[in-house]
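If you want the building blocks of each chain, they are given just below.
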Amino acid sequence: MADEELEALRKQRLTELQAKHGDPSGDPTQQEAKQREAEMRNSILAQVLDQAARARLSNLALVKPEKAKAVENYLIQMARFGQLGGKVSEQGLIEILEKVSQQTEKKTTVKFNRRKVLDSDEEDDDD
């Protein structure tokens, strides 16, 4: 009887951990929804970008996935509101990338804390 209770606790804990960490194998409907969303995004991007631009975007996704996601969202939003006139070329994508880079640019500042330290060279010796 203790083995059955222990097994039940293990199963319960496993389901809790899967839910906490967002494991898609636990909920097939979530996995389907994510897959449908990805297919929809890809179809919209295929309609909006030409081959060279799609290749550049996929290369960017390998190196900087968060920046590629931001550019994809920007392109999808522009397509939904009808702000794109035809397919975006590679040069157009480069311009969009520069625009997104300027918006998400992090400015680093360096601040020096100079401490006054007394060393033997600065001391006045009256002897």
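Coordinates for the structure precede this section.
No experiment lies behind these values; they were computed from the predicted model shown.

Here's the deal with the overall build of the chain
No. 1: From N to C terminus, the chain includes five helices and zero strands.
No. 2: The linear arrangement of helices and strands in the chain, starting from the amino end, is α-α-α-α-α.
No. 3: Carbon and sulfur atoms make up 49% of the accessible area of the chain, which totals about 11,100 Å².

What about the side chain of glutamate 72?
No. 1: Of note, glutamate 72 is situated in helix H4 (residues 65–80).
No. 2: Among the residues examined, glutamate 72 registers a relative accessible area of 16% and is labelled buried.
No. 3: Contacts of glutamate 72, omitting those with residues within four sequence positions, involve Arg41, Leu45 and Leu57.

Conventions and cut-offs
Residues numbered from 1 in each chain as written. Predicted model: local features only at pLDDT ≥ 70, side-chain atom pairs only at ≥ 80, totals over all residues. Heavy atoms only, no water. Helix = DSSP H or I, 4+ residues; strand = E, 2+ residues; numbered from the N terminus. Areas by Shrake-Rupley, 256 points an atom, 1.4 Å probe, with all protein chains shown as cover. Buried < 20%, exposed > 50% of the residue type's maximum accessible area, 1.4 Å probe, protein only. Contact = heavy atoms within 4.5 Å.

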